[in-house]
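Structural features, examined
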Amino acid sequence: QRLGRVAPSETLRLTFALRQRQVGRLARRLQRLADPDDPHYGQFLTLDEVRALVQPSTLALDTVHKWLEAYGVRDCQAVRTGDFLECQMPASVAEQLLLGAQFHRYGNGELSAVRSPFPYTLREELAEHVEFVGGLHRFPADRKAVIRGWGTKKLLPGEMVLSSFHLGVTPAVIRKRYNLTGSDVGSAANNSQACAQFLEQYFHQADLAEFMQLFGGDFPHRSSVDRVVGHQGRGKAGVEASLDVEYLMSTGANISTWVFSNAGRHESQEPFLDWLLVLSNTSVLPWVHTVSYGDDEDSLSQAYMARVNVEFMKAAARGISILFASGDSGAGCRKVSGGKHVFRPSFPASSPYVTTVGGTSFRHPFLVSAEVVDYISGGGFSNVFAMPSYQVGASPPSPGRLRRGLSLSFGPFPEKVGAQGYEVFCWILARQDF
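So, a few notes on the structure that sits alongside this text. Here the structure is a predicted model, which means the values were calculated and not measured.

Considerations on the side chain of Ser350
Along the chain, Ser350 turns up in the loop between β16 (346-347) and β17 (355-362). The exposure class assigned to Ser350 is buried, which follows from its relative accessible area of 1%. In terms of polar contacts, Ser350 uses its side chain to reach the side chain of Glu297, at 2.6 Å.

Below you can see the structure in the form of structure tokens.
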């Protein structure tokens, strides 16, 4: 709901995505780094080497800085790779810079955001140097809780029962299903992993410690996060943030773990873009990142998604693996003109440069048994991005050859990974702070 125009003096924070150089060269380099048959396989780049590839030209940097300074905008910070510029300025100045923009406050319950309902234009001499300005139009993705009762699915004739009765998917159930013994835990000094939390979703160290005390008795583990990057809110812990941390640290057990916290309301910024800026600005990062966040692909501009893909390429070139949840709307459904319906993929799950993880459930809901694709699990295709070359030979089976329990991907990407994601236990106490 639009609440009204913001005061001219209200401070806004905008992100200018400056046009990068040599993106094609970065893509080719990444393909060689990821190809086991290439002599450059595994020879990852440092952040400084990535910067040398993609940093905007001197002309672009000078043009944008002079433009901002002409309007009195000097409170700006650039990321290490030089291709993002974050600036703070009064709303009145932002509207002068971005012709046609008009900033209004929107509210939804206790949440609020400042956005422009109108498109903006840049002067011609700037358009070739600025790909987009973040913090103007997109609203944070709406998270919907999925609550389901137990099913009554029967075992198929001849189906094997692998284990005993259970009342939910705890770490012990997951580790048993995937044959993880007490010795299958992190042991190398450089093992590291991370997850990211968004949109007022927090975890609490005390909850994590108690979760591990209750459910981690059968395997070596750590009971606290080693590092929180960003602002960690002091409100009640969130279900999604708590679940992410607790299960990351119980399956990837005994591994140094970071949490990237982008948990505020971000009234004049996109929290997902904030996280990408941190990755581009940090020279030493965990090797594996997992994120349960996404937007409908059709709600985003292709320029924005293309730029986000480059950020994933930059991370991959440094040897960083990023896993995204595939979404919880199945194939999705969107009605288009003419009364027809189309599938609705989620982004970044549809990006060619991340690993998308779908959800499975046990065929028998009370037993550690065979798994099937969970009906809410999404991902596996894109309506925007072409099939990458490494997946050309991995096309899905024809509809007539599908077996029961399998799903068909209707777009370029077969879903890359699936893992148990049904009726997972999460542990949250009524704590308001650490």
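Digging into unusual backbone geometry
Glycine aside, the phi torsion of most residues is negative, and most peptide linkages are trans. That bond from Phe347 to Pro348 is cis: its omega, 15°, falls within 30 degrees of zero. Inspection of the secondary structure puts Pro348 in the loop between β16 and β17. In this structure, Asn179 is a non-glycine residue whose phi angle is positive, near 60°. For Asn179, the location among the structural elements is in the loop between α6 (171-177) and β8 (192-198). Take Asn179: its relative accessible area is 63%, and that puts it in the exposed class. At Asn254, a position not held by glycine, the phi torsion is positive, near 65°. Its place among the elements puts Asn254 in the loop between α8 (239-251) and β10 (256-262). For Asn254, a relative accessible area of 26% gives the class partly exposed.

So, the pairing of strand β2 (residues 11-18)
Most of β2 sits out of view: six of its eight residues are buried. In the sheet, β2 pairs with strand β4 (residues 84-90) via seven bridges, with the strands oriented antiparallel. Bridged to Phe16 within β4 is Leu85. Pairing between β2 and strand β7 (residues 130-134): four bridges, direction antiparallel. From the neighbouring strand, Leu18 faces β7, where its bridge partner is Val130.

About the criteria used
- Residues numbered from 1 in each chain as written.
- Predicted model: local features only at pLDDT ≥ 70, side-chain atom pairs only at ≥ 80, totals over all residues.
- Heavy atoms only, no water.
- Helix = DSSP H or I, 4+ residues; strand = E, 2+ residues; numbered from the N terminus.
- Buried < 20%, exposed > 50% of the residue type's maximum accessible area, 1.4 Å probe, protein only.
- Polar contact = N/O pair within 3.5 Å; in protein donor to acceptor, adjacent residues only side chain to side chain.
- Pairing = 2+ DSSP bridges.

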